[in-house]
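# Topology and contacts: notes
Listed below are the residues making up each chain.
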Amino acid sequence: KKYVYRFGGGQAEGNKDMRDLLGGKGANLAEMSAIGLPVPPGFTITTEACAYYHEHGDRWPEGLEEQVREGIRHIEQLMGARFGDPENPLLVSVRSGAAISMPGMMDTVLNLGINDQVVEGLARRTNNERFAYDAYRRFIDMFGDVVMGVKHDYFEEVLDALKKEKGVKEDTELDAEALKELVRRYKEVYRQHTGSLFPEDPYEQLYKAINAVFKSWNSERAVKYRQIHKIRGLLGTAVNVQAMVFGNMGERSGTGVCFTRNPATGEKELYGEFLINAQGEDVVAGIRTPKSISELKQIMPEVYEELLRLAELLERHYKNMQDIEFTVQEGKLFILQTRNGKRTGVAAVKIAVDMVDEGLVDKKTAVRDLVEPAHLDQLLHPRFKDETAYKDRVIGRGLPASPGAAVGQVVFTAEDAEAWKAQGKRVILVRVETSPEDVGGMHAAEGILTSRGGMTSHAAVVARGWGKPCVAGCGDIVIDYKTKTFRAGDVVVKEGDWISINGSTGEVILGKEELVEPSLSGDFARFMEWVDEFRTLGVRTNADTPQDARKSVEFGAEGIGLCRTEHMFFEGDRILAMREMILASTLEERKAALAKLLPYQKEDFRGIFREMAGKPVTIRLLDPPLHEFLPHDEKEQEELARALNIPVETVRAKVEALKEFNPMLGHRGCRLGITYPEITEMQTRAILEAAVELKQEGVEVHPEIMVPLVGTREEIEHQRRVIEETAEKVFQEKGDRVDYLVGTMIEVPRAALLADQIAEVAEFFSFGTNDLTQLTFGYSRDDAGKFLPYYIENKILKDDPFQTLDQEGVGQLVRMGTERGRATRPSLKVGICGEHGGDPASVAFCYEVGLDYVSCSPFRVPIARLAAAQAHL
Ligand code: PEP
Ligand code: MG
């Protein structure tokens, strides 16, 4: 029976489909070898051999030993060296490798085959005695630890003692003589703890190592891992034995890493670095400065040519840009590893487009595999020129609440932000948290930093909507509004000091970093066109203003999924009319105040309908608790009293009266429109007057009026009645009508549970997964920042549920709501407009559940488009 599969020399007995028999690593090595990559030769012992070993009291099956010896002869031939031959020694590595990678299996043993004679040969061939003995002592340590179970610590103790004796600090300061001594002492440690001498026979070393791999299959950790992850039906682990190659055998040897294309720009060129006469560790240790790959062209032209050829071969085979580790041993090139290379967003898009143009991949593959949604995020925002340059100046870390980089001078109030901006300064607004009153200052700022609040805090949501960088919930900083300073550890930052924030990573950086602006180049546009060819799920946007609407259309939005009307009330004089409405003590007064708001609202809607001509626009009726619109500090309350010509006590009393213990669960959403139907009337009027007028101007309009926070059928019925009665009035007055829909948000769990009833009244659903998450978990959106980071760090939660949809829990409600709603009304349009609409994993879930569209902030529209296409492919 065949237990050993050989590879090397551009051939292999196995292939990539033999994972069960050869393990993942073995199958991959066979594949690489078979396509002609010069991997160091070797062989794989099958998982069947491992199974036999365990079933037969730790014995090898008949024929295995002979096949292993043949395998070694195969390596010897290809390497032109011999196992155990001091003149020309072959050393090998031994690794485990099951069909599924799992922890608890045996670690790698390197340099197997060294003994007292071989080490001398190795010293001669590398012309480096120190290296040879260092390899030897590492081998004894690794073999003792990994194969024989002698704790690494015992070896470390001896090493530390020797360093003390020699009066040195670093391992690298030990010379060859010292290392020889260390080898003697390591062998003594080995003898003490195993009761036998260190094996000098390379075959004995090899057999012991193979047995150790077999045994590790049944180690406690491995067994446990398989139990937990329900991994069943595997025979055992395979064992990979492979030639060691050395990059430190003189000036015709070396080692390096190289990308098949430039991972920063996407340019088609070999990109990477190498060291002559060095081992992989030397590159990592950073003691010597590596040379750029382009210099290899002069130093070893044949190797460079070969690398170029292999780069093409690899890309054609793997259909992706590759990141290669290579070693040159005496002029001969070996590829140690290849994998899909990490790259920047700019590079990802360029590589995808180029590979299609070069005929390497088709559009479908490019869309599915070559660009990640997160890559697009980088393309749409300014970035720091050098992300590695500032790591020592990071003074705090918060949530990456809104991506992109921003630089500015610190201010602590929204008013200051606006005032400084008016003077032509760039500012970062630093607040404990933000509220709707701050939007002016937030807009004026380059970026926003808060010390409290989560991914759906006000600051985060608003900033994302504008594509403005924001770091939220940065508990590392302590703000003192009185002195206009904040403290981060020992650092005190004053008003006017420069800071930089990275909204993609959550870093807060002291000082002024250099920025580069995004460019939506031709490649981006072409790639996004392909994305839409493979997409079935609709993508809309959450936009509250005509400007945002226009931006979102540029980004490819197919409609507005959520227009939060309250955001319009904070601009200019509108807030005054809004406050007048709230402070009204009679219906007449309230109606009078609402009448002042009407023209503003209508104007906004006209602007939005115009920008979105021909596309659906979902407008949500007033949602937040009224308290949020009132001024809370004394000075502002006085100003308001003066402006409205009423006693300040009245203002104060009203603020007091509107205070709620739990505003998120209080008088908000449709509860407002039901208790004050005149608000719904005014908003409906504004929407439909605008719609009819634009229709008359020849603009195609599709208004969809959305009622928030509905939990019962009666609520939506009530609001629908108010909306319809108002609509009829408007249509009559205007002598014209438009088609419109009335729908509801599903953001209260009860609405999802009773979706069948609600769908009798609602013509569309939009899942408000921010509130739905808040109410399903019982986590306050605005306070969860206090414990969520701890939860995630300690794996109580896998992800922030306000960021990526909790598919297991909240997802059930989305699925159920959709199914039950459509059972009543098969034509029901269903979307999502919570923050999750722009999160790739959540988009995939929405596709799977069968939603009609996702809606997200304008800057996330391209991301959602790509995620939607990938979900479909
Ligand atoms: C939601 O709750 O998911 C939603 C979109 O509404 P808001 O964030 O405005 O509460
Ligand atoms: Mg909501």
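A quick note: this is a predicted structure, and the numbers were derived from the prediction, not measured. (Residues numbered from 1 in each chain as written. Chains lettered and ligands numbered in written order. Predicted model: local features only at pLDDT ≥ 70, side-chain atom pairs only at ≥ 80, totals over all residues. Heavy atoms only, no water.)

### Focus on the coordination of the magnesium ion (ligand 2)
For the magnesium ion (ligand 2), the protein coordination sphere consists of E747 (OE) and D771 (OD), at 2.0 to 2.1 Å. Taken together, the residues E747 in the loop between β31 (741–746) and α28 (749–753) and D771 in helix α30 (residues 769–777) connect sequence positions 24 residues apart. With respect to class, E747 is no different from D771; both count as buried. (Donors = N, O, S within 2.8 Å, 3.2 Å for Na, K, Ca; no water. Helix = DSSP H or I, 4+ residues; strand = E, 2+ residues; numbered from the N terminus. Buried < 20%, exposed > 50% of the residue type's maximum accessible area, 1.4 Å probe, protein only.)

### Looking at helix α18 (residues 458–466)
In terms of burial, α18 is largely enclosed, as eight of its nine residues are buried. Looking at α18, one finds that the buried residues are H458, A459, A460, V461, V462, A463, R464 and G465. Those residues of α18 that are buried lie in contact with β16 (399–402), α17 (439–444), β19 (447–450), β20 (470–472), α20 (546–554) and β28 (560–564). (Contact = heavy atoms within 4.5 Å.)

### Remarks on the pairing of strand β21 (residues 477–480)
Of the two faces of β21, the one lined by I477 and I479 is fully buried and the one lined by V478 and D480 carries no buried residue. Pairing geometry for β21 and strand β22 (residues 485–488), over four bridges, is antiparallel. Each residue of the ladder has a partner; that of I479, found in β22, is F486. In this antiparallel pair of consecutive strands, β21 and β22, the connection spans four residues, and K484 shows a positive phi of 50°. (Pairing = 2+ DSSP bridges.)

### Observations concerning the environment of F412
Mapped onto the elements, F412 comes out in the loop between β17 (405–411) and α16 (414–422). Residues F412 and V430, spaced 18 residues apart in sequence, show a C-alpha to C-alpha distance of 5.1 Å. In contact with F412, not counting residues within four places along its chain, are L429, V430, R431, I479, Y481, K484, T485, F486, V493, K494 and E495.

### Here's the deal with the packing of helix α19 (residues 522–533) against helix α34 (residues 861–872)
The N-to-C vectors of α19 and α34 enclose an angle of 45°; their axes lie 9 Å apart at closest approach. Here α19 lies oblique to α34, going by the angle between them. Relative to α34, α19 is oriented so that their crossing is left-handed. Where α19 abuts α34, its residues F524, F527, M528, V531 and D532 lie against P862, R865, L866 and A869. When the residues that make up the contact of α19 with α34 are grouped by side-chain class, the tally is seven nonpolar, no polar and two charged. (Axes fitted to C-alpha atoms, helices over the stretch in contact; angles between N-to-C directions. Parallel < 35°, antiparallel > 145°, perpendicular 65-115°, else oblique. Left-handed = near helix turned anticlockwise from the far one by under 90°. Nonpolar A, V, L, I, M, F, W, Y, C, P; charged D, E, K, R; others polar.)

### Looking at the environment of E580
Tracing the backbone shows E580 in helix α21 (residues 574–583). Residue E580 is classed as partly exposed on the basis of its relative accessible area of 24%. Sequence spacing of E580 and L594 is 14 residues, and the spatial spacing of their C-alpha atoms is 8.6 Å. What E580 contacts, discounting residues up to four positions off in sequence, is A593, K596 and L644.

### Remarks on the sheet that holds strand β8 (residues 238–243)
Read across the open sheet, the six strands follow the order β2-β1-β3-β8-β6-β7; overall the sheet is antiparallel. Lying at the two open borders of the sheet, with one neighbouring strand each, are β2 (11–12) and β7 (109–112).

### Brief notes about the packing of helix α6 (residues 152–166) against helix α7 (residues 176–194)
Two elements in contact, α6 and α7, have axes separated by 10 Å at closest approach and are oriented at 150°. Relative to α7, α6 is oriented so that their crossing is right-handed. Across from Y154, F155, V158, L159, L162, E165 and K166 in α6, the residues of α7 making contact are A178, E181, L182, R185, Y186, V189 and H193. Looking at side-chain class alone, the contact of α6 with α7 contains nine nonpolar, one polar and four charged residues.

### Focus: the site of ligand 1
The environment of ligand 1 is formed by 14 residues, the closest being R564, E747, G768, N770 and R781. Residue R620 places a side-chain N or O atom 2.9 Å away from an oxygen atom belonging to ligand 1. Measuring from an oxygen atom of ligand 1, one finds a backbone N or O atom of T769 at 3.0 Å. For ligand 1, the accessible surface in isolation is 290 Å², of which the surrounding protein chains cover 96%. Contributing elements (two or more residues each) for the shell around ligand 1: β28 and α30. (Near = heavy atom within 4 Å. Polar contact = N/O pair within 3.5 Å; in protein donor to acceptor, adjacent residues only side chain to side chain. Areas by Shrake-Rupley, 256 points an atom, 1.4 Å probe, with all protein chains shown as cover.)

### Observations concerning the environment of Q242
Secondary-structure assignment places Q242 in strand β8. Classification of Q242 as buried rests on a relative accessible area of 10%. In the structure, Q242 is positioned 199 residues away from F43 in sequence and 6.4 Å away in space, judged by C-alpha atoms. If sequence neighbours within four positions are ignored, Q242 has contacts with F7, L29, V39, P40, P41, G42, L91, V92, S93 and R95.

### A short note on the UniProt feature "domain: Pyruvate phosphate dikinase AMP/ATP-binding" (unreviewed entry) in the protein
If you check UniProt for "domain: Pyruvate phosphate dikinase AMP/ATP-binding" (unreviewed entry), the listed places come out as residues 20–57, 64–293 and 302–358 in our numbering. Helix makes up 63% of residues 20–57 and strand 11%. Its end C-alpha atoms lie 23 Å apart. The annotated region residues 302–358 carries 53% helix and 30% strand content, and the separation between its end C-alpha atoms amounts to 25 Å. (UniProt positions renumbered as here; feature names shortened; annotations may be inferred.)

### Focus: the UniProt feature "binding site: Mg(2+)" (unreviewed entry) in the protein
Within the UniProt annotation, "binding site: Mg(2+)" (unreviewed entry) is assigned to E747 and D771. Considering the C-alpha atoms alone, the annotated residues occupy 25 residues of sequence yet fold into one spot, their largest mutual distance being 5.3 Å. Filtering out sequence-adjacent residues up to four positions away, E747 remains in contact with D623, P708, L709, G768, D771, L772 and L775. One polar contact links the side chain of E747 to the main-chain amide nitrogen of L709, over a distance of 2.8 Å.

### Quick notes on the packing of aromatic side chains
According to the stated counting rule, one finds 23 aromatic pairs in the structure shown. Each ring, one from F131 and one from F246, has its centre 5.9 Å from the other, and the planes form 80°; the classification is edge-to-face. Of this pair, F131 sits in helix α5 (residues 129–147) while F246 sits in the loop between β8 and β9 (254–259), placing them 115 residues apart in sequence. Exposure remark for F246: the relative accessible area of 3% places this residue in the buried category. Three or more aromatic residues joined by ring pairs form one cluster here, namely W60, F83, Y203 and Y207. For the cation-ring pair, R540 lies above Y853, with the distance from its terminal atom to the ring centre recorded as 4.0 Å. (Phe/Tyr/Trp six-rings, centres within 6.5 Å; stacked < 30°, edge-to-face > 60°. Lys NZ or Arg CZ within 6 Å of the ring centre and 35° of its normal.)

### Digging into the state of the cysteines
Using the criterion set out here, one finds zero disulfides in the structure. Cysteine C670 is unpaired, with the sulfur of C833 as its nearest cysteine sulfur at 14 Å. (Disulfide = S-S within 2.5 Å.)

### Section: the nonpolar core
Grouped together as the largest cluster of nonpolar side chains are 140 residues, with contacts concentrated most on F527 and F609. Looking at this core, the element that brings in the most residues is helix α26 (residues 677–696), giving nine residues. If you look at the next biggest cluster of nonpolar residues, it comprises 71 residues, including A123, V147, L174 and F198. (Core = buried A, V, L, I, M, F, W, Y, C linked by side-chain atoms within 4.5 Å.)

### Thoughts on the sheet that holds strand β10 (residues 271–276)
Spatially, β11-β10-β9-β12-β13 is the arrangement adopted by the five strands of the open sheet, whose pairing is antiparallel. Looking at which strands have only one partner, the edges of the open sheet turn out to be β11 (291–292) and β13 (332–340). As defined by bridge partners, β10 adjoins β11 across two bridges and the pair is classed as antiparallel. Among the inter-strand pairings, E273 is bridged to a residue of β11, identified as S292.

### Thoughts on the side chain of H74
Looking at the secondary structure, you find H74 in helix α3 (residues 64–79). When residues no more than four places from it in sequence are discounted, the contact partners of H74 are R6, F7, G8, P41 and G42.

### Details of helix α24 (residues 648–658)
In an α-helix there are 3.6 residues to a turn, and that puts residues three or four apart on one side. Along α24, the positions that sit buried rather than exposed are V648, V651, V655 and L658. One face of α24 carries all of its buried residues, which in axial projection span an arc of 100°. The elements touched by buried residues of α24 are α21 and α23 (634–644). (Arc of directions from axis to C-beta.)

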